[in-house]
Amino acid sequence: MLELALTHRSFAYELGGIPTNERLEFLGDSVLGLVVTQELYTTFPDLDESKLSPLRSGVVNTKALAQIARDLKLGEYLRIGKGEESSGGRDKNSILADSLEALVGAIYLDQGFDKTSKIILNWFRPVITNANEMGVGVDAKTALQELAASLALSSPEYIVSETGPDHDKSFMAQVLLSGEKFETGHGKSKREAEQAVARIAYDALNARTSRG
């Protein structure tokens with residue numbers, strides 16, 4: 001099951017259509033969403049749905065999942081095709097995030113919900129803490145807008161592009177602040193990509209301000 005969780009479709013295609021990790025990814029996505037949602041619901045009892053929803057989006061996104069996958073060195077163990085290998089697929093946010101979700105799905109089938117929940121929370125508590133420090137219930141775009149205003153910068157301007165077929169699109173976003181561009185944000189939707197790049201810009205500006 002672990003081998004299946006680490007089998008990307010590019011590898012499967014080159015070997016004539018063997019099973020891929022996409023079904024496990026589908027399952028893991030739901031398990032991950034439930035565990036994080038339950039943790040946020042318990043941790044922030046005073047927040048309503050309108051605040052909890054963007055907070056969850058700030059915690060469970062492609063960038064956060066990819067970083068956890070990097071911390072686990074998951075990329076080293078992926079079974080990917082030669083094309084993806086040559087284009088740096090082992091370190092692509094989308095592939096790492098999807099593979100982490102597939103790993104969650106495999107752990108859930110093997111160990112059950114309670115043990116899987118403990119593992120997920122061990123990975124995600126620092127991310128939840130970071131989201132809390134940014135501003136409980138305030139999404140990244142709102143937080144960036146407020147920080148930019150406090151620094152007398154222009155309002156954030158988002159530039160979004162997309163790649164891939166209709167059934168498997170990836171989105172990339174850049175944000176422009178008073179003429180400055182930041183590292184690109186990635187996501188499976190326009191909103192997720194914008195949230196990712198807003199978080200990147202927020203962290204960069206906040207760190208710069210903290211240094212004085």
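Residues numbered from 1 in each chain as written. Predicted model: local features only at pLDDT ≥ 70, side-chain atom pairs only at ≥ 80, totals over all residues. Heavy atoms only, no water.

### A short note on the environment of glutamate 192
Its location among the elements puts glutamate 192 in helix α10 (residues 190-211). When near neighbours in sequence (up to four residues on either side) are disregarded, glutamate 192 contacts Asn61, Thr62, His186 and Gly187. A distance of 3.2 Å separates a polar side-chain atom of glutamate 192 from the backbone nitrogen of lysine 188. (Helix = DSSP H or I, 4+ residues; strand = E, 2+ residues; numbered from the N terminus. Contact = heavy atoms within 4.5 Å. Polar contact = N/O pair within 3.5 Å; in protein donor to acceptor, adjacent residues only side chain to side chain.)

### Some words on helix α3 (residues 22-43)
Its 22 residues give α3 an end-to-end C-alpha distance of 31 Å, which sits within 8% of 32 Å, the value for a rise of 1.5 Å per residue. For α3, the full list of buried residues reads Leu24, Glu25, Gly28, Val31, Leu32, Gly33, Val35, Val36, Glu39 and Leu40. (Expected span 1.5 Å × (residues − 1). Buried < 20%, exposed > 50% of the residue type's maximum accessible area, 1.4 Å probe, protein only.)

### Quick word on unusual backbone geometry
The backbone of alanine 152 sits at a positive phi, close to 60 degrees, despite the residue not being glycine. Mapped onto the elements of the fold, alanine 152 is located in the loop between α9 (140-150) and β1 (157-163). At serine 178, a residue that is not glycine, the phi angle is positive and equals roughly 50 degrees. In this structure, serine 178 sits in the loop between β2 (170-177) and β3 (180-181). The exposure class of serine 178 is partly exposed, given its relative accessible area of 44%.

### Structural notes on the pairing of β1
Pairing between β1 and β2: seven bridges, direction antiparallel. From the neighbouring strand, glutamate 157 faces β2, where its bridge partner is leucine 176. (Pairing = 2+ DSSP bridges.)

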